[in-house]
Amino acid sequence: MALITNVSDYEELAKQKLSKMVFDFYASGAEDQWTLKENREAFSRISFRPRVLIDVSHINMSMSVLGYNISMPIMVAPTALHKLAHPEGEVASARAAAAAGTIMMLSSWSSCSIEEVNLSGPGLRFFQLSVFKDRNFVQQLVRRVEDAGYKAIAVTVDAPRLGRREADIRNRFALPENVVLKCFEGLDLSSMDKANVSGLAAYVASQINSSLSWKDIKWLQTITQLPILVKGVITAEDARIAIECGVAGIIVSNHGGRQLDHLPATISCLEEVVREAKGRVPVFLDGGIRRGTDVFKALALGASGVFIGRPVLFALAVDGEAGVKKALQMLRDELEIAMALSGCTSLKEITRGHVNTEADRIRLSRL
């Protein structure tokens with residue numbers, strides 16, 4: 001196998017290994033894919049302001065998320081259908097995250113069940129919840145998540161409809177017979193019209209609740225004691241409402257560029273949300289992270305931590321659990337080097353003063 005030196009190498013290798021339909025399903029974004037590209041490119045427009053002559057012989061990357069200790073501020077984002085990448089699916093990804101001492105967030109669109117992932121071994125796990133029209137359906141899911149020992153629920157709030165992903169349309173994306181949406185097996189699907197819908201996946205997609213509103217976040221808080229985060233907030237206005245609703249945290253996300261095209265990169269939205277949060281709740285970020293330097297930049301702009309999605313899928317496709325472990329380790333090692341060369345020995349020492357953004361450069365040019 002080619003020598004893998006960074007997580008982007010996995011993407012190249014995965015493209016060779018996976019079918020075009022599966023690779024495009026994982027890799028592509030909505031419509032013209034402007035946001036997909038911008039998520040990556042916006043990081044390259046942020047530069048460092050390192051401090052020197054600081055003893056960096058000992059670097060500590062550990063942190064706490066909602067009271068749970070993890071080894072680093074890099075967590076596994078919820079992504080759909082890991083079994084399309086590897087036969088062990090989300091179980092392999094969960095084991096790798098646990099070995100790295102970090103959090104795995106399981107997707108509602110998982111190809112392994114909530115229980116299978118829980119039984120894969122010890123580990124800190126959150127659950128990503130898509131809210132469906134049938135509240136009984138949602139309550140059953142939440143109960144299973146609680147029973148399996150997951151520690152938090154992140155509600156996806158930017159997908160009242162699915163974005164237009166033209167690669168999937170062109171490829172006529174369909175699930176192979178051996179891959180199913182396991183989170184929905186065993187639920188009471190008595191409302192499923194088996195005559196009109198071809199299979200579970202189409203049924204579940206048809207059940208997305210496009211009337212989802214802040215009232216539903218309040219309702220979720222009445223049916224579970226688990227902390228609830230909202231995933232998909234990119235404006236101060238929505239951050240303010242989320243905090244007023246009592247959420248436990250915010251994930252700044254544009255769904256990996258898969259929903260509304262021409263949204264700004266998440267890293268470009270981060271400071272606005274962080275300023276509004278004023279430290280009342282943690283703010284996390286996903287989208288476009290491919291380097292430890294990207295993680296450092298997000299932390300400098302106020303993120304409490306980051307979630308990575310596609311790099312996990314591509315590493316899983318190339319080398320299963322070992323691939324995901326290596327991808328997480330490479331990002332960790334890169335972050336450690338970025339911290340050392342910036343003069344930071346712990347996460348709390350990473351400050352806004354360690355980076356320059358486009359806005360900073362414009363402001364300086366006007367002085």
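Just so it is clear, the model here is predicted, and its values are computed rather than measured.

What counts as what
- Residues numbered from 1 in each chain as written.
- Predicted model: local features only at pLDDT ≥ 70, side-chain atom pairs only at ≥ 80, totals over all residues.
- Heavy atoms only, no water.
- pLDDT = per-residue confidence, 0-100.
- Contact = heavy atoms within 4.5 Å.
- Buried < 20%, exposed > 50% of the residue type's maximum accessible area, 1.4 Å probe, protein only.
- Helix = DSSP H or I, 4+ residues; strand = E, 2+ residues; numbered from the N terminus.
- Right-handed = clockwise from strand over helix to strand, strands pointing away.
- Pairing = 2+ DSSP bridges.
- Disulfide = S-S within 2.5 Å.
- Phe/Tyr/Trp six-rings, centres within 6.5 Å; stacked < 30°, edge-to-face > 60°.
- Lys NZ or Arg CZ within 6 Å of the ring centre and 35° of its normal.
- Salt bridge = Lys/Arg side-chain N within 4 Å of Asp/Glu carboxyl O.
- UniProt positions renumbered as here; feature names shortened; annotations may be inferred.
- Core = buried A, V, L, I, M, F, W, Y, C linked by side-chain atoms within 4.5 Å.
- Axes fitted to C-alpha atoms, helices over the stretch in contact; angles between N-to-C directions.
- Parallel < 35°, antiparallel > 145°, perpendicular 65-115°, else oblique.
- Nonpolar A, V, L, I, M, F, W, Y, C, P; charged D, E, K, R; others polar.

Re the confidence of the model for the chain
The predicted coordinates should not be examined in detail at positions where pLDDT is low. Averaged over every residue, the pLDDT of the chain is 92; residues scoring 70 or more account for 94%. Counting interchain partners and residues more than four positions distant, the pLDDT-below-50 stretch residues 190–198 has 9 contacts.

Focus on the pairing of strand β10 (residues 283–286)
Alternating positions in β10 separate into two faces, Val283 and Leu285 on one and Phe284 and Asp286 on the other, with burial throughout. In this view, the connection linking strand β9 (residues 249–252) to its parallel neighbour β10 by way of helix α11 (residues 266–277) has right-handed handedness. Relative to strand β11 (residues 305–308), β10 runs parallel, the two being bridged by 3 bridges. Each residue of the ladder has a partner; that of Asp286, found in β11, is Phe307. Since β10 and β11 lie parallel, the crossover through helix α12 (residues 292–300) that links them has a hand, and here it is right-handed.

A look at the state of the cysteines
For the structure shown, the criterion picks out 0 disulfides. Cys183 takes part in no disulfide bond, and the closest cysteine sulfur, belonging to Cys112, lies 9.0 Å away. On the accessibility criterion, Cys183 (0% relative accessible area) is buried.

Looking at the packing of aromatic side chains
Ring pairs (aromatic) are described by centroid distance and by the angle formed between their planes. Enumeration according to the criterion identifies 8 aromatic pairs in this entry. Here the aromatic rings of Phe284 and Phe307 are separated by 5.9 Å at their centres, their planes lie at 75 degrees, and the arrangement is edge-to-face. A residue pair is termed long-range when its members are at least 10 positions apart, and Phe284 in strand β10 and Phe307 in strand β11 qualify at 23 residues. The same class applies to Phe284 and to Phe307, which are both buried. Three or more aromatic residues link up through ring pairs in this structure, and these residues are Phe25, Tyr26 and Phe173. Here Arg135 stacks its cationic end above the ring of Trp219, 4.2 Å away from the centre of that ring.

Description of the pattern of salt bridges
Overall, the coordinates contain 19 salt bridges when judged by the stated rule. The partner of Arg144 in a salt bridge is Glu115, and the shortest N-O contact between them spans 2.8 Å. With a gap of 29 residues between them, Arg144 in helix α6 (residues 135–147) and Glu115 in helix α5 (residues 114–118) connect regions that are remote in the sequence. Look at Arg144 and you get buried, because its relative accessible area is 15%. Under the relative-accessibility criterion, Glu115 is labelled partly exposed at 29%. For Arg164, the salt bridge identified is with Glu166, shortest N-O distance 3.5 Å.

Here we look at the UniProt feature "active site" (unreviewed entry) in the chain
The positions that UniProt labels "active site" (unreviewed entry) are, in the present scheme, His255. Position of His255 relative to the elements: it lies in the loop between β9 and α11. His255 sits in the buried class, given a relative accessible area of 19%. Leave out the neighbours within four places in its chain, and His255 touches Thr156, Asp158, Ala159 and Arg165.

What to know about the nonpolar core
Ranked by size, the top nonpolar core spans 120 residues in total, and within it Leu220, Ile250, Ile267 and Leu285 carry the most contacts. Looking at this core element by element, the count peaks at 15 residues for helix α13 (residues 310–342). Apart from residues lying up to four places away in sequence, Leu220 is in contact with Leu129, Val131, Val138, Val142, Val155 and Ile228.

Details of the environment of Ala327
Checked against the element boundaries, Ala327 lands in helix α13. Separated by 272 residues in the primary sequence, Ala327 and Asp55 place their C-alpha atoms 28 Å from one another. The residues touching Ala327, leaving out its near neighbours within four places in the chain, are Val7, Tyr10, Pro311 and Ala315.

Brief notes about the side chain of Glu276
Here Glu276 shows up in helix α11. In this structure Glu276 comes out as buried when scored by relative accessible area, which is 13%. With residues near it in sequence (within four places) discarded, Glu276 still touches Ala236, Ala239, Arg240 and Ile243.

A word on the packing of helix α1 (residues 7–17) against α13
It is at 10 Å that the axes of α1 and α13 come closest, and there the two elements cross at 175 degrees. Between α1 and α13, the angle falls in the class roughly antiparallel. On α13, the residues that touch Val7, Tyr10, Glu11, Leu13, Ala14 and Lys17 of α1 are Pro311, Phe314, Ala315, Ala317, Val318, Gly323, Lys326, Ala327, Met330 and Leu331. Here the contact of α1 with α13 is composed, by residue class, of 12 nonpolar, 1 polar and 3 charged.

Structural notes on the UniProt feature "binding site: glyoxylate" (unreviewed entry) in the chain
In the UniProt entry, the feature "binding site: glyoxylate" (unreviewed entry) is given for Arg165 and His255. A maximum C-alpha distance of 12.1 Å among these annotated residues, which run over 91 residues, shows that they cluster at one spot. Along the chain, Arg165 turns up in the loop between β7 (153–156) and α7 (166–170). Exposure remark for Arg165: the relative accessible area of 12% places this residue in the buried category. Look past the residues within four positions of Arg165 in its chain and what remains in contact with it is Gly29, Ala30, His255, Arg258 and Gln259.

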